[in-house]
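Topology and contacts: notes
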Amino acid sequence: MNMEGTKHELEEYRKEVARRLDSLEEVFLSAAIGEFKTRLEIPEEEDEFTGLFVGIRLMTDVINEKIDELNTINRELEKKVAEHTKRLREAQAVAGLGSWDLNVETGEIIWSSEMYRIFSQPKDYRPHMATYLELLPETERTKINEAVEHAVTETKRFDIDFRYTDPKGVTKLLKGKGKPVTRKGKVIQVIGTVQDITKSKLAESKFKGLLESAPDAMVIVGRNGRIELVNRQTELIFGYDRNELLGERVEKLIPDRFLKNHRGHRENFFESPKTRT
């Protein structure tokens, strides 16, 4: 074969290689942006390029199968997350409990759905530490601000009660809890909850009112045997101020002749509580 023939054959081969590589361009460009669905057609004639085409085809098929598998898992996880989120929202609504997340650097706050209901704010309201404090009376504003500042500067949790009057003039008693989140020793977030305890406090107030108006001495004792609540009649009958009784063991009010068996009776009652005389 002469020189000219060899050059011509080499040029033709280069063109064939370029043509074959051009046919792969779409597949490679798609893969470069993370898309592997482009179908690579394998030429019918077998030559030195067939192995390359088959290999790339197998590779994209395997990748597509794995992507489909991961997409299925992801859809299942998204469904579970949605279900758990729904249950959490329902639970928060029942408990009157909202959650929040404060970005310390920007002052932006993320509210759960229940927070919007508690504070009677529209869904397009975008809470920020500054605007949130403006919703509160001056005294409560100071209380919340100081609690958050202590959480940030002293890495302390807080648990406080505060009042809020909504746009309709309804006053609510709320319990706010929060704790700092640190990264590399620096507080970057404060997260917490707000619970509407208005009804429970009203019920507690009514209960205490009934307790105080009872004609008999009433003593409420915890499982540990310590006094948690007494009424006015208890003070009058036993001659103690209630502050002298709260936190003390109930045996303080039991005559000496009954002390021997009393602890056993108390423990048996908590194991099987029922009305006794």
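Below or above, wherever it landed, is the structure these notes cover. What you see is a predicted model; the values in this text were computed from it and never measured.

With respect to the overall build of the protein chain
When its secondary structure is counted, the protein chain shows 9 helices and 7 strands. The C-alpha radius of gyration of the protein chain comes to 37 Å, more than 25% above the 19 Å expected for a compact globule of 277 residues. Buried residues in the protein chain amount to 26% of all 277 residues. Within the protein chain, counting contacts between residues at least 6 apart in sequence, those at least 24 apart form 34% of the total. Surface summary for the protein chain: the accessible area is close to 19,600 Å², and the carbon and sulfur share equals 54%.

Thoughts on the pairing of strand 7 (residues 227-230)
Sheet topology places strand 6 (residues 219-221) next to strand 7; 3 bridges connect them, and they run antiparallel. Looking across to strand 7, one finds that Val221 is bridged to Ile227. In sequence, strand 6 turns back onto strand 7 through a hairpin of 5 residues, with Gly225 there showing a positive phi of about 85 degrees.

Some points on the packing of aromatic side chains
The full count for this structure, using the stated rule, is 7 aromatic pairs. Between the aromatic rings of Trp111 and Phe119, the centroid separation amounts to 5.3 Å while the plane-to-plane angle is 20 degrees, which identifies the pairing as stacked. Judged by centre distance (6.1 Å) and plane angle (90 degrees), the rings of Trp111 and Tyr132 are edge-to-face. Remark: Tyr132 occurs in helix 4 (residues 129-134) and Trp111 occurs in strand 2 (residues 109-111); sequence separation between them is 21 residues. Side by side, Trp111 and Tyr132 carry an identical accessibility label, which is buried. Connected via pairs of aromatic rings, a cluster forms that spans Trp111, Tyr116, Phe119, Tyr125, Tyr132 and Tyr164.

Considering helix 5 (residues 138-154)
Between the first and last C-alpha of helix 5 there are 23 Å, a value that for 17 residues agrees with the 24 Å anticipated at 1.5 Å per step. Next to the buried residues of helix 5 lie strand 1 (97-103), helix 4, strand 3 (158-165), strand 4 (171-183) and strand 5 (186-196). The first or second residue beyond helix 5 is Thr155, which carries a positive phi of 50 degrees.

As for the pairing of strand 3
A regular strand places its side chains so that they alternate between the two faces of the sheet. Alternating positions in strand 3 separate cleanly, Phe158, Ile160, Phe162 and Tyr164 being buried on one face and Asp159, Asp161, Arg163 and Thr165 remaining unburied on the opposite face. Sheet analysis places strand 3 next to strand 4, joined by 8 bridges and oriented antiparallel. What sits directly across from Tyr164, in strand 4, is Lys172. Connecting strand 3 to the next strand, strand 4, in antiparallel fashion are 5 residues, including Gly169 with a positive phi near 90 degrees.

Describing the pattern of salt bridges
For the coordinates displayed, the defined rule picks out 11 salt bridges. A salt bridge links Arg57 to Asp61; the shortest N-O distance between them is 3.8 Å. Remark: Asp61 and Arg57 occur in helix 2 (residues 50-95); sequence separation between them is 4 residues, near one turn of the helix. Residue Asp61 is classed as partly exposed on the basis of its relative accessible area of 25%. Across the pair Glu140 and Lys143 runs a salt bridge whose closest N-O atoms are separated by 3.7 Å. Separated by 3 residues within a single helix, Glu140 and Lys143 lie in helix 5, roughly one turn from each other. With a relative accessible area of 9%, Glu140 lands in the buried category. Assessed through its relative accessible area of 31%, Lys143 is described here as partly exposed. Ionic contacts of the salt-bridge type, sharing partners, join the residues Glu212, Arg232, Glu235 and Arg242 into one network.

As for a nonpolar patch on the surface
A contiguous nonpolar surface patch, about 220 Å² in accessible area, is contributed by Ile42, Val54 and Leu58. Residue placement: Leu58 occurs in helix 2.

Observations concerning the sheet that holds strand 2
Within the open sheet, the 5 strands sit side by side as 2-1-5-4-3. Their pairing is antiparallel. At either end of the open sheet lies a strand with only one pairing partner, and these are strand 2 and strand 3. Shown here is a sheet whose adjacent strand axes are inclined to one another by a mean of 25 degrees, direction ignored. Two strands pair when backbone bridges link them, and strand 4 and strand 5 are joined in this way by 10 bridges, in the antiparallel orientation. Paired with Arg183 across the strands is Lys186, a residue of strand 5. Helix 5 rests against strand 1, strand 3, strand 4 and strand 5 of the sheet, and its axis sits at about 155 degrees to strand 3. Sitting on the sheet, helix 6 (residues 198-213) is in contact with strand 3, strand 4 and strand 5, with an inclination near 125 degrees to strand 4.

Procedures and definitions
Residues numbered from 1 in each chain as written. Predicted model: local features only at pLDDT ≥ 70, side-chain atom pairs only at ≥ 80, totals over all residues. Heavy atoms only, no water. Helix = DSSP H or I, 4+ residues; strand = E, 2+ residues; numbered from the N terminus. Rg over C-alpha atoms; globule rule 2.2 N^0.38 Å. Buried < 20%, exposed > 50% of the residue type's maximum accessible area, 1.4 Å probe, protein only. Contact = heavy atoms within 4.5 Å. Areas by Shrake-Rupley, 256 points an atom, 1.4 Å probe, with all protein chains shown as cover. Pairing = 2+ DSSP bridges. Phe/Tyr/Trp six-rings, centres within 6.5 Å; stacked < 30°, edge-to-face > 60°. Expected span 1.5 Å × (residues − 1). Salt bridge = Lys/Arg side-chain N within 4 Å of Asp/Glu carboxyl O. Patch = residues over 30% accessible without salt bridge, like charges linked within 9 Å, V, L, I, M, F, W, Y side chains within 5 Å. Axes fitted to C-alpha atoms, helices over the stretch in contact; angles between N-to-C directions.

By themselves these figures say nothing about function.
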